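Analysis of the macromolecular model
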Amino acid sequence: MITFNNQHASSVSKLDRPWSGASHRHKPIEPDEDEEVGEAVIYTPHGINSGDLELVPGASPPIRTLAFLHGLHNVRIGTVSGRTALQLNLGAMNGLKAQRVLKAKYWMGTHDEVKKGGGLVAWFLQRKVLTLKHALDREQQTRQAGGVSGEMERILDSFEDTRWIELGNGESRLLA
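Residues numbered from 1 in each chain as written. Predicted model: local features only at pLDDT ≥ 70, side-chain atom pairs only at ≥ 80, totals over all residues. Heavy atoms only, no water.

Overview of the packing of aromatic side chains
How two aromatic rings sit relative to each other is given by the distance of their centres and the angle of their planes. Inclusion rule: Centres within 6.5 Å are what make two rings of Phe, Tyr or Trp a pair, Trp counting through its six-membered ring; a difference in plane orientation under 30 degrees is then read as stacked, over 60 as edge-to-face, and the rest as tilted. Runs of E in the DSSP output that reach at least two residues are strands. Runs of H or I that reach at least four are helices, and both are numbered from the N terminus. Here the term buried applies to any residue with accessible area under 20% of the maximum for its type, exposed to any over 50%, and partly exposed to those in between, with areas from a 1.4 Å probe on protein chains only.
Within this structure, the stated rule accounts for two aromatic pairs. For the ring pair Phe 68 and Trp 107, a centre distance of 5.7 Å and an interplane angle of 40° mean the geometry is tilted. Of the two residues, Phe 68 sits in strand 5 (residues 63-70) while Trp 107 sits in strand 8 (residues 106-108), which places them 39 residues apart along the sequence. Like Trp 107, Phe 68 is buried. Measuring from centroid to centroid gives 5.3 Å for Trp 107 and Trp 164, while their planes differ by 80°, and the two rings are edge-to-face. Placement of the pair is Trp 107 in strand 8 and Trp 164 in strand 10 (residues 163-165), with a sequence separation of 57 residues. Of the residues examined, Trp 164 reaches a relative accessible area of 27% and is grouped as partly exposed. Three or more aromatic residues link up through ring pairs in this structure, and these residues are Phe 68, Trp 107 and Trp 164.

Describing unusual backbone geometry
Omega for the peptide link from Ser 60 to Pro 61 comes to 0°, which places this bond in the cis form. Notably, Lys 103 is not glycine yet its phi reads approximately 55°, a positive angle. Tracing the chain through its elements places Lys 103 in the loop between helix 1 (91-102) and strand 8. Look at Lys 103 and you get exposed, because its relative accessible area is 62%.

Describing the side chain of Glu 39
Threshold: Within this scheme the basic residues Lys and Arg register as positive and the acidic residues Asp and Glu register as negative, but His and the chain ends are omitted. The working definition used for a salt bridge is a side-chain nitrogen of Lys or Arg within 4 Å of a carboxyl oxygen of Asp or Glu. Throughout, a residue-residue contact means that at least one pair of heavy atoms, one from each residue, lies within 4.5 Å.
Residue position: Glu 39 is located in strand 4 (residues 38-44). Despite its burial, Glu 39 pairs with no opposite charge; the closest candidate is Arg 64, at 4.6 Å N-O. Those residues within four positions of Glu 39 in sequence are excluded, and the remaining contacts are Ile 2, Thr 3, Phe 4, Asn 6, Ile 63, Arg 64 and Leu 66.

Observations regarding the nonpolar core
Basically, it comes down to this: Among buried residues, those of type Ala, Val, Leu, Ile, Met, Phe, Trp, Tyr and Cys that are joined through side-chain atoms within 4.5 Å constitute a nonpolar core.
Counting residues in hydrophobic clusters, the biggest one holds 19 residues, and the most contacted among them are Ile 42, Phe 68, Leu 96, Leu 102 and Trp 107. If you list the elements that add at least two residues to this core, you get strand 4, strand 5, helix 1 and helix 3 (132-145). Tallying contributions element by element places helix 1 first for this core, with five residues. The next biggest cluster of nonpolar side chains, apart from the first, holds six residues, and it includes Leu 66, Ala 67, Tyr 106 and Ile 165.

Overview of the sheet that holds strand 4
Just so we agree on the cut-off: Strand pairing is assigned whenever DSSP detects at least two bridges linking the two strands. What counts as an axis is a line fitted to C-alpha atoms, over the stretch in contact for a helix, and the angles between N-to-C directions run from 0 to 180 degrees.
Pairing is mixed across the open sheet formed by five strands, whose spatial order is 1-4-5-8-10. Strands at the two margins of the open sheet, each flanked by one partner only, are strand 1 (2-5) and strand 10. Ignoring strand direction, the axes of neighbouring strands in this sheet form an average angle of 20°. For strand 5 and strand 8, the ladder comprises three bridges, and the chain directions are parallel. Within strand 8, the residue paired with Ala 67 across the bridge is Tyr 106. In this fold helix 1 packs onto strand 4, strand 5 and strand 8, with an angle of close to 170° to the strand it touches most, strand 5.

So, a nonpolar patch on the surface
The criterion, for reference: What makes a patch is a set of residues exposed beyond 30% relative accessible area and free of salt bridges, joined within 9 Å when like-charged and within 5 Å when nonpolar (Val, Leu, Ile, Met, Phe, Trp, Tyr). Accessibility throughout is a Shrake-Rupley quantity obtained with a 1.4 Å probe, and a residue counts as covered only by protein chains that appear here.
Together, Leu 120, Trp 123 and Phe 124 make up a nonpolar patch on the protein surface, roughly 450 Å² of accessible area in all. Within the fold, Trp 123 resides in helix 2 (residues 119-124).

Read these as spatial facts, not as claims about activity.
Structure follows, in structure tokens:
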């Protein structure tokens, strides 16, 4: 997580003292405690459990998440006795939970490119590719199977202000 003060509250200058001929000085207005807000870029190349992010929205001074970089592919190495032996990338379903905690303005996929593997690991590597839409649909199906009705609108509303961005290798995007 990279956190920074965006300086929006202190971007205006005021006179330090009255004009005295040609000589004058400006100094930044220091933000009040209520105006002090940090912004964050959170990069989770292999994912992060949503519970581990709970401290971000509760931080003091507040931290708003500008960008959340989290992949959609669920990648694991094999199973032992029906359980995942090693989870490598947590994937889209975990990303949905994490985004609900962070309420990031932008969500960018990371580590989702197709990789050609070889050797012993390639035999055990399991990749489940999900798009954001597929993950939302799967979440809705799970809720409906549990007898919960009318949840889709609330689910979709929780992503209303989120902008999904796909960037190719070498591409860039200005975030505002």
